[in-house]
Amino acid sequence: MSFLGMGRPQPTSEQKIEAVEAEMLAMASSYNSLQKNCQAKCIPNDFREAELNKGESVCLDRCVSKFLDTTQKVSEIMQQQGQQQGMQQGGSGGLF
């Protein structure tokens, strides 16, 4: 419970569903970007074999790893910035 009723209002079920749907769209977009970029980088357009060769497999492993590492680092930075902005807005919004 918030002090004097001045806390954040709780999201409604509809808002929660919208947030989940937005997150799912973002994850699908991220996956599609990963797939498109790594395939373009690691797999030639002229398919010579039905299976991936060792070089293609290693390239894909590295590409996916780098993509996920970069995504995680960007997410952490954005989260830190959001927290800093929240503290700045919360700290300056006093009663006087």
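All values reported here derive from a predicted model rather than from experimental measurement.

Draft legend 1. Fine view of the overall build of the protein. The helix and strand inventory of the protein stands at two helices and zero strands. A total accessible area of about 8,900 Å² is found for the protein, and carbon and sulfur atoms account for 56% of it.

Draft legend 2. Expanded view of the environment of valine 58. Tracing the sequence through the fold places valine 58 in helix α2 (residues 54–92). In this structure, the C-alpha to C-alpha distance between valine 58 and cysteine 42, residues 16 residues apart in sequence, is 8.8 Å.

Draft legend 3. Quick peek at the nonpolar core. Counting residues in hydrophobic clusters, the biggest one holds six residues: Leu34, Cys38, Cys42, Ile43, Leu60 and Cys63. Listing elements by their share of this core, those giving two or more residues are α1 (13–42) and α2. Examining the composition of this core, we find that three residues originate from one element, α1, more than from any other. The residues touching cysteine 63, leaving out its near neighbours within four places in the chain, are Cys38 and Cys42.

Draft legend 4. The state of the cysteines, seen in detail. Across all of its chains, the model carries two disulfides by this definition. Here cysteine 38 is linked by a disulfide to cysteine 63, with a sulfur-sulfur distance of 2.0 Å. When the S-S torsion is -85°, as for the bridge of cysteine 38 with cysteine 63, the disulfide is left-handed. Here the residue cysteine 38 occupies a position in helix α1, and cysteine 63 occupies one in helix α2, the gap between them amounting to 25 residues.

Draft legend 5. Region of the structure containing the pattern of salt bridges. One pass over the structure, following the stated rule, counts one salt bridge. For aspartate 46, the salt bridge identified is with arginine 48, shortest N-O distance 3.5 Å. On the accessibility criterion, aspartate 46 (43% relative accessible area) is partly exposed. Judged by its relative accessible area of 68%, arginine 48 is exposed.

Draft legend 6. Representation of the environment of glutamine 35. Tracing the backbone through its elements, the reader meets glutamine 35 in helix α1. You can call glutamine 35 partly exposed: its relative accessible area is 36%. The sequence separation of glutamine 35 and valine 64 amounts to 29 residues, and the corresponding C-alpha distance is 8.4 Å.

Definitions and limits used
Residues numbered from 1 in each chain as written. Predicted model: local features only at pLDDT ≥ 70, side-chain atom pairs only at ≥ 80, totals over all residues. Heavy atoms only, no water. Helix = DSSP H or I, 4+ residues; strand = E, 2+ residues; numbered from the N terminus. Areas by Shrake-Rupley, 256 points an atom, 1.4 Å probe, with all protein chains shown as cover. Core = buried A, V, L, I, M, F, W, Y, C linked by side-chain atoms within 4.5 Å. Buried < 20%, exposed > 50% of the residue type's maximum accessible area, 1.4 Å probe, protein only. Contact = heavy atoms within 4.5 Å. Disulfide = S-S within 2.5 Å. Salt bridge = Lys/Arg side-chain N within 4 Å of Asp/Glu carboxyl O.

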